[in-house]
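# Results of the structural survey
Read off the chains here:
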Amino acid sequence: MPQIPEKIHELTVGQLSSRSGAAVSALHFYEAKGLISSRRTSGNQRRYGRDALRRVAFVRAAQRVGIPLATIRDALAELPEERTPTREDWARLSENWRAELDARILQLGRLRDHLTDCIGCGCLSLETCVLSNPDDVFGERASGSRLLVEKKK
Ligand code: FES
């Protein structure tokens, strides 16, 4: 990863990309989603403060563990005066996200187990395939032929 001299206080999108490892398109996306911000030069080019490096690292680390961008944005927005997340911020937020991650892993484990039943089947039956009809939504409304009646309406 290229180092950026300390005396440089603002980064171009290319510098931010090469230093953070995030694609330029990803940085534009992060900015559109309010995760990072830049100022525009007179030539309408983006310039990022050095703290954008840490914000991008924060976003990418959270994304790697599957935290949705909206949740990451909310976490960043809670920081006073939109400051850059500190080591303590990351420790606190990652602790909270751990429970969310555990729940997701449990859910994925269940889906994997159900998928095992589907491998080689292909029926996608609303009556018997758990992946096709999770939580038996149709079964709670009515049984069997009721589905056909609903479709005719
Ligand atoms: S595809 Fe047949 S049980 Fe899921």
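Attention in this report is confined to the structure presented alongside it. If you're wondering where the values come from, they're calculated on a predicted model, not measured in any experiment. (Residues numbered from 1 in each chain as written. Predicted model: local features only at pLDDT ≥ 70, side-chain atom pairs only at ≥ 80, totals over all residues. Heavy atoms only, no water.)

## Re the sheet that holds strand β3 (residues 46-49)
Filter applied, for reference: Pairing between two strands is assigned when DSSP locates at least 2 bridges connecting them. Note on conventions: DSSP H or I runs of at least 4 residues are helices, E runs of at least 2 residues are strands, and numbering of each starts at the N terminus.
Strand order in the open sheet made by the 3 strands is β1-β3-β2, with antiparallel pairing throughout. This sheet does not close on itself; its edge strands, each paired only once, are β1 (10-11) and β2 (39-40). Summarising the sheet, β1 and β3 pair through 2 bridges and their orientation is antiparallel. From the neighbouring strand, E10 faces β3, where its bridge partner is G49.

## Observations regarding the pattern of salt bridges
In plain terms, the rule: When a carboxyl oxygen of Asp or Glu is within 4 Å of a side-chain nitrogen of Lys or Arg, the pair counts as a salt bridge. Here's how the labels work: a residue is buried when its accessible area is under 20% of the maximum for its type, exposed when over 50%, partly exposed in between, all with a 1.4 Å probe on protein chains only.
This model, assessed by the stated rule, comprises 7 salt bridges. Notably, a salt bridge pairs D89 with R92, separated by 3.4 Å at the nearest N-O pair. Taken together, the residues span about one helical turn, with D89 and R92 both in helix α5 (residues 87-118) at a distance of 3 residues. Here R92 falls in the partly exposed class, since its relative accessible area comes to 40%. The structure contains a network of salt bridges with shared partners spanning R83, D89 and R92.

## Structural notes on the environment of D89
Note the cut-off: In this description, contact between two residues means that some pair of their heavy atoms is separated by no more than 4.5 Å. Any N or O atom pair separated by 3.5 Å or less is treated as a polar contact, with the protein-specific requirement of one donor-capable and one acceptor-capable atom, and with residues adjacent in sequence counted only for side-chain atom pairs.
Overall, the relative accessible area of 4% leaves D89 in the buried class. With 13 residues separating them in the primary sequence, D89 and L76 have C-alpha atoms 9.3 Å apart. Not counting the four nearest positions on each side in its chain, D89 is found in contact with L79, R83 and T84. A polar contact of 2.8 Å, which involves the side chain of D89, links it to the backbone nitrogen of T86.

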